[in-house]
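Letter by letter, the chains look like this.
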Amino acid sequence: MGGGSFVELDQQGSWRRTAYAGEVNADQEGSEVIVFGWVQDVRDLGGIKFFVLRDRSGSVQVTLPRGKVPEEVFEKFDKLQKEFVVGVKGVVRRMEKAPRGVEIIPNELRILNVTKHPLPLDPTGRTPADIDTRLNARILDLRRPESNAIFRIAHVVLQSIRAFLSQKGFIEVQTPKIIASATEGGAALFPIAYFDREAFLAQSPQLYKEQLIAAFEKVFEIGPFFRAEESHTNRHINEFISVDIEEAFADAKDVMRTLEELVQHVVKEVNEKCKAELNTLKQEIPVPELPLMRITYDEALEILRKKGVEVSWGEDIPTPGLRALGQELPGFYFIVDWPTATRPFYIKPYEDRPHLCESFDLMHSWIELASGGTRIHQREELEKRLVEQGLNPASFEFHLKVFEYGMPPHAGWGLGLARLLMAITGRDNIREVVLFPRDRFRLTP
RNA sequence: GCCCUGGUGGUGUAGCCCGGUCCAGCAUCGGCGGCUGUCGCCCGCCGGACGCGGGUUCAAAUCCCGCCCAGGGCGCCA
């Protein structure tokens, strides 16, 4: 079934777009335009036929009244099926009865490509599809207004992050994604074959970005990282985009300010530039007021205790605890002063109370968006902490020796881009905000 | 990795608990035909499904077992 009769394809030839569908308006009455796009909908009333042409900008109705368009165009209409790729050369006409009060009367219709029906999902989204079905046909899914809006917002988020950090004097860097050592501990690494050696996909730019501030003072990176965790949740994927900064002559408090200002800036930009997209998503995201609330780890535990959730001191807060915390604190906030034992080796303990460290998590409700802190900048101390965490300093020599070349005090953070997008777009599954998510069970498309 | 839930046309679902009334309903979708103002068009006709394998039974979409797949939760996540 499906597919219809054989369709002879036309060439785009010398045709070049002169207008975007969504921008064609009644003021252009009488002018000839060339539009390209996809057939969103076909309505045939016999003596008058309509189809809706959609492109990246929106859509416009193409109307074919019998006798008012060339006979071959009128006949060619019958071949059209949903999502065919077409070009139309025609005249803009003001028409109250048409969507947006405007339509195109075609003089020529070119069918540039066909679709194979049945399609695996409905690109208009009227008939819903499961997330799994949608990801299997991701390109079709991305034609749905909601999915499309998410990634238009993602673009604005990325742009505004780059603009903000650049304006603050950070320079953008790229660190290696292929690394030699699996000895950083913690998150599991993906091993890969590197010629005749084993190598690994980087799980974080941490060590390299720290090294780089000893030359550039303020750096940031937006890039992919890889964790071989067997997590199967709505907020974990195995390849993720991390936004990282590192800054010399700064501590946790300084980079927290940078982070909250960044978040505020991004939300402001999205509100200004993505009104239509937010509307499509039925999403409102208030610009957070600064400074964001800061609660200590101890205070978080106290809040949880009052809610009947017991967390023994020194442990990371388990997921049910974070969910409970998120009920109390629905917006953006920081959890600061974590027990030293819960944090990685490079985080600096407080001088006067070494069981706590100069660290923070940026939260949105119950989801951790970012994590950071003041770093240890003295080699001896770093080595001591490595040993305390059961790691072997010898395998960090390439990193440790940099601390002998004049390493300034420094601090930084890493922010999960997709987690931030979840907060901004109001999605509760990270797969919604990643074009081609990689999770434990999904390697294609 | 553990626990829970589920898998019915291309898509989304009803039916399953309590086996027969199911040659499986609904919506969307696809095909053909009709209609000169549709816009989630309308009207008529037609098309397409019980994840895979085994078992119980006179009889299985429905009960049992195994496998595969998916969703949710937890753990893990320097």
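Check the entry above for the structure.
A few points on the structure.

**Here's the deal with the sheet that holds strand E8 (residues 191–194)**
1) Next: Taken together, three strands build an open sheet; the order of strands is E7-E9-E8 and the sheet is antiparallel. Unpaired on one side and paired on the other, strand E7 (178–179) and E8 mark the two borders of the sheet.
2) Next: Across four bridges, E8 lies against strand E9 (residues 197–201) in antiparallel orientation. Residue proline 191 lies in a different strand from E9, and its bridge partner there is phenylalanine 200.

**A few points about the sheet that holds strand E16 (residues 410–416)**
In any sheet, the strands associate via hydrogen bonds between backbone groups, in a parallel or an antiparallel arrangement.
1) Next: On the basis of which strands lie adjacent, the open sheet formed by eight strands has the order E6-E10-E11-E16-E15-E14-E13-E12 and mixed pairing. Single-partner strands in this sheet number two, and they are strand E6 (171–172) and strand E12 (293–296).
2) Next: The pairing of strand E10 (residues 218–226) with strand E11 (residues 239–248) spans nine bridges and is antiparallel. Each residue of the ladder has a partner; that of isoleucine 222, found in E11, is valine 243.

**Description of helix H10 (residues 379–388)**
1) Next: Inspection of H10 places Arg379, Leu382, Arg385 and Leu386 among the buried residues, and these make up the whole buried set. Across the axial projection of H10, the buried residues extend over an arc of 125 degrees, all falling on one side. Residues Glu380, Lys384, Val387 and Glu388 are exposed on H10 and point more than 90 degrees away from its buried face.
2) Next: Residues of H10 that are buried in the fold lie against helix H11 (397–400).
3) Next: Trailing H10 by a residue or two, glycine 390 shows a phi angle of about 75 degrees, which is positive.

**Quick notes on the pattern of salt bridges**
1) Next: Within the structure shown, the criterion is met by 38 salt bridges.
2) Next: A salt bridge links arginine 93 to glutamate 103, with the shortest nitrogen-to-oxygen separation between them at 3.1 Å. On the criterion of sequence distance, the pair formed by arginine 93 in strand E4 (residues 85–94) and glutamate 103 in strand E5 (residues 102–113) is long-range, its members being ten residues apart.
3) Next: Through salt bridges with shared partners, a single ionic network connects Arg134, Arg138, Asp141, Arg144, Glu146 and Glu432.

**Thoughts on the pairing of strand E14 (residues 359–364)**
1) Next: Taking burial as the measure, the six residues of E14 include six buried ones, the bulk of the element.
2) Next: Inspection of the sheet shows E14 paired to strand E15 (residues 367–374) by six bridges, in the antiparallel sense. Paired with methionine 363 across the strands is glutamate 368, a residue of E15.
3) Next: Counting the residues that bridge the hairpin from E14 to E15 gives two residues, and of these serine 365 lies at a positive phi of roughly 55 degrees.

Reading guide: rules and limits
- Note that residues are indexed from 1 along each chain, following the sequence as it is written.
- Labels follow written order: the first chain is A, the first ligand is 1, and so on.
- Local features in a predicted model are, by the rule used here, given only for residues with pLDDT of at least 70; side-chain atom pairs are given and counted only at 80 or more, and totals for whole chains, interfaces and linings are based on all residues.
- Side-chain numbers here rest on the full set of heavy atoms in the structure, without hydrogens or water.
- Should DSSP find at least two bridges between two strands, the strands are taken to pair.
- Strands here mean DSSP runs of E at least two residues long; helices mean DSSP runs of H or I at least four residues long; both are numbered from the N terminus.
- Only protein chains enter the accessibility calculation, which uses a 1.4 Å probe; a residue is then buried when its area is under 20% of its type maximum, exposed when over 50%, and partly exposed in between.
- It is the directions from the helix axis to the C-beta atoms whose arc is reported.
- A contact between two residues is defined here by any heavy atoms of the two lying within 4.5 Å.
- For salt bridges, the criterion is a side-chain nitrogen of Lys or Arg within 4 Å of an Asp or Glu carboxyl oxygen.

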